[in-house]
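Residue-level listing of the chains:
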Amino acid sequence: MASKLSTCFLSHGWGSFDCKLSNERFLAPSLRLLPASCKMRHRNFSSQQRRQQTRKVSPDQHPTNSHFQSNGVEDVESENVSADGVSSLSQETAPDDVDVDSLVDIEHINDNALTHLNVSEEMKPLGINVKSGEQLPGFQLEDLVGMIRNAEKNILLLNQARVCALQDLGKIISEKDALQGEINILEMRLAETNARIKVAAQEKIHVEILEEQLVNLRNELSHMGATEGSGLDMHENWNKALDGVHSLGEELSLLRTENLSLKDDILALKKELSLVQKTDERVVMLEKDRSFFESGLKELEFKLIASQEDVSKLSTLKFECKNLWDRVENLQVLLDRATDQADQAILVLQQNHDLRKKVDMLEESLEEVNVYKLSSEKMQQYNSLMQQKIKLLEERLDRSDEEILSYVKSYQESIKEFQDTLNSLKEESKRRAPNEPVDDMPWDFWSRLLLIIDGWLLEKKISVNNAKLLREMVWKRDGRIRDAYMVCRDKNEHEAVTIFLKLTSSQKRSRLHIIHIAAEMAPVAKVGGLGDVVTGLSRALQKKGHLVEIVLPKYDCMQYDRTRDLRVLDMELESYFDGQLFKNKVWVGTVEGLPVYFIEPHHPSKFFWRGKVYGEHDDFKRFSYFSRAALELLLQSGKNPDIIHCHDWQTAFVAPLYWDLYAPKGLNSARICFTCHNFEYQGTAPASEMASCGLDVHHLNRPDRMQDNSGHDRVNPVKGAIVFSNIVTTVSPTYAQEVRTSEGGRGLHLTLNSHSKKFIGILNGIDSDAWNPATDVFLKSQYSANDLQGKAENKEALRKHLGLASADTRQPMVGCITRLVPQKGIHLIRHAIYRTLELGGQFVLLGSSPVPHIQGLRVEFEGIANYFKGDDNIRLILKYDESLSHLIYAASDMFLIPSMFEPCGLTQMVAMRYGSIPIARKTGGLNDSVFDVDDDTIPLQFRNGYTFLNPDEQGLNSALDRALNHYKTNKESWEQLVKKDMNIDFSWESSASQYEELYEKSVAKARAAIHV
């Protein structure tokens, strides 16, 4: 067993070898431990050498960077231990006949090689720096980093040694358990043998008793002289008894031999037990070594944590030192100002002193006059008469003032009447002007116009129909074409053609009946940008003379106070859903001057009585119900719209419902326009749910219709709207290109490419009336591009409201208003906060997290807000506040929009409207509205902000650093950029014109098809 046990140890990698550091002989660890142990001993020598070197250094001298470099070299050399040494160690194994007791215990390993593991010597400088706060600033940050790296290397080595020791310890414990099992088996066998020996002893006693009885019987037989027959019987009994005695003797001898073998086994077992006890002692030693390694590791971890804290304290001290210098400079400026004010105050005191002398002289003269007046009675009488005359004059003056006021009023009324008359005459002249020829221009002028128009036609710059209309206007000597020519005399040919074509479009253009079916509308039911688009586009189209109506769900959480003349109609609208008819109430009212229909379903599920617009588990059913009810309203009310415009997946059901169910019923006058504001949200659902609103699942769940491209058992409302609509739009030209790629299309790029002829991107606009710094009631001071003083006042007001530092009025402020969702570039916003602080700016964030499953981002930003709670340059407001958003737009010098993808984005447009320069990533609508001031490929008049392409910290730093540097170093150029941005027209006028053109082309195409 001893040889077996030693062989077991040797098979696990334990052998004996001679160490050059000690003459003792000890058990070598496994090959996995050899590199670490060699490295430890090598470090012991290097640490001893370093101790000898440090004795020569003066205690007043600080350790320099060269010490750390030398440590790094020693580490590299220690790690590059010769592989030959390792192989030689692995080849030295103990012979098979070596007794376990002859091996030296593992506790004889050179303890000095482990205790001086280069830890104390490498961490001593760190300890000195931590304890003496005065010496810490003297070190370079690279020194601390080097020390931390050395500590990490030592920790790695200790971890490796610890892992190997634990593995070997586990093997020893498993072997111990196996031996213990064998001991238990042998003990059981020993107990069985003892029991059998006891039984054999009892049988032996019984045999001895029988032998005694047999002897007695023989004696009795000899004395009694029994008969022969009885003698023969007794002889047979005697033979039988002898046979039993012989068998018992043999069994007893066998038991004795087995007992001897068991004794031998017990002796061997005792030897193995002694070996196990020695193994237990080695296990105890290994446990001690393990605890030693763990204590050393913990000590290194504590020192590493302390060093990291010192590094953070050093950076904090640097930052605080910088802030203190800034404050000292500010205090110096204030001191200079106070000194100037004190000098001025001294001058004022001197002047006051001189004035005081003059006043004293005047008082003396006045006293003399008073004495003279008192002494003269005639003067008193004269004064009383003068006072009476003054009263009479005042009365006459009052009467004259009243007469003047009456004359002014009558004059104002006459002016108003004159202005009204003049306006009416102007309107009448405008109405008459198109029909009356203009006689104040020579015939050469009209001939030249005809030649210009013919030239454009031959050059194919205008169509034949447009040329015909323009010729007719020239023949009639229409004043509008004369005015258009005068306007475009200083413009290039392309601009002139555009102006003339507007005349033809105004002649051909007729009023359209447009109905928007949407889930949002600002301000009554707004969640995101969709509500702003529906309201802004509808108002712009209404101003162009079109009839625009909106159909919305009647939410319980709407802002009813923003709806005028809200009332319920005396009718019940029935719509189909889930195989039966449900009744609906229809409410009407006006929102922002637009007629709006609100549908309130009487459904048991209370679809729109949930306290919120989106985010319910049955949104697919809610909005498919609403889409069908809206079309049912149009059918039953007898409306014949030219355009039905639906938005996002919530009302995308309108397109297939219209063509499959309602066009055959007679609601067939309209063309369908679908706008997807964000392809990230597509509303996919199991195909079976589509049957609830009456659509044929088998007919529509096909790859060329509504079947989702990612699964055959799901339908995609957005895909259905793309397939069934006559016009498909998204909210910016760049985003329209992005979604036609596999990365940006979210699975719909193939569908969009197959329907590309009807797909276009139109940049959204903003409501220029609601977002106007000259009339904004939420601002402390209104301002415009011609007078920026109010912007500085709003900046000061925001600082006071949020408790920000206001000593330096020129300190730049970066604003950010966003939803805390990954799409908006959360990691870049987080980085921008710290970067702005480093560059000496202020940062204000107004953001909320509307989606429940990403509330973790809100928690993270709450932690950042608490961290900067005491800092007077950072404020994070984690909610949405309408009035505060207006003030942040007005107060900010720069505005951050670092979106990962942005279909359009209205934030950058509002920011520029309020004179805040955008810092945006080049994606989607941001790429169509923000152009870098340093991009030479962009015409100078279009450059309006700072952009970056890569969504990483380096890209953001480039744009943010350039913006802050421009603000600080060139005030005049910055103000010119602010004025330029404020004068950019981001209203809905241009976007509405593009939609109007799309509507008219689609309607004209449909009418032409009917006539054919």
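The sections below set out a description of the structure shown in this document. (Residues numbered from 1 in each chain as written. Predicted model: local features only at pLDDT ≥ 70, side-chain atom pairs only at ≥ 80, totals over all residues. Heavy atoms only, no water.)

**Some details on the overall build of the chain**
The number of helices and strands found in the chain is 29 helices and 20 strands. In the chain, which comprises 1012 residues, the proportion classed as buried is 42%. In the chain, once contacts between residues fewer than 6 apart in sequence are set aside, the share between residues at least 24 apart is 73%. Of the roughly 55900 Å² of accessible surface on the chain, 54% is carried by carbon and sulfur atoms. (Helix = DSSP H or I, 4+ residues; strand = E, 2+ residues; numbered from the N terminus. Buried < 20%, exposed > 50% of the residue type's maximum accessible area, 1.4 Å probe, protein only. Contact = heavy atoms within 4.5 Å. Areas by Shrake-Rupley, 256 points an atom, 1.4 Å probe, with all protein chains shown as cover.)

**Focus: the pairing of strand β13 (residues 727–730)**
Burial along β13 is two-sided: the residues I727 and T729 and V728 and T730 are all buried. Two strands pair when backbone bridges link them, and strand β10 (residues 671–676) and β13 are joined in this way by four bridges, in the parallel orientation. The residue bridging F674 from the neighbouring strand is V728, located in β13. The pairing of β13 with strand β14 (residues 759–761) spans three bridges and is classified as parallel. Along β14, the bridge assignment pairs V728 with F759. (Pairing = 2+ DSSP bridges.)

**Thoughts on the pattern of salt bridges**
Overall, the coordinates contain 28 salt bridges when judged by the stated rule. With its nearest N and O atoms 3.3 Å apart, the salt bridge here joins E572 to K583. Taken together, the positions of E572 in the loop between β5 (564–568) and β6 (573–577) and K583 in strand β7 (residues 580–591) put the pair eleven residues apart, joining distant regions of the chain. Taking the shortest distance from any N to any O, the salt bridge between K621 and D578 comes out at 3.9 Å. Of this pair, K621 sits in helix α15 (residues 619–636) while D578 sits in the loop between β6 and β7, and the two are 43 residues apart along the sequence. Overall, the relative accessible area of 39% leaves D578 in the partly exposed class. Through salt bridges with shared partners, a single ionic network connects R539, K543, E592, D767 and D769. (Salt bridge = Lys/Arg side-chain N within 4 Å of Asp/Glu carboxyl O.)

**Digging into the pairing of strand β17 (residues 874–877)**
Residues I874 and L876 point to one face of β17 and R875 and I877 to the other, with burial holding for every one of them. Here strand β16 (residues 842–848) pairs with β17 via four bridges, running parallel. What sits directly across from L845, in β17, is L876.

**Focus: the packing of helix α22 (residues 826–838) against helix α27 (residues 953–969)**
In contact at an axis separation of 10 Å, α22 and α27 are set at 45° when each is read in the N-to-C sense. As far as their axial angle goes, α27 and α22 are oblique. The two elements α22 and α27 cross, and the hand of that crossing is right-handed. On α27, the residues touching L828, H831, A832, R835 and T836 of α22 are E953, L956, N957, L960 and D961. A per-class count over the contact of α22 with α27 returns four nonpolar, three polar and three charged. (Axes fitted to C-alpha atoms, helices over the stretch in contact; angles between N-to-C directions. Parallel < 35°, antiparallel > 145°, perpendicular 65-115°, else oblique. Left-handed = near helix turned anticlockwise from the far one by under 90°. Nonpolar A, V, L, I, M, F, W, Y, C, P; charged D, E, K, R; others polar.)

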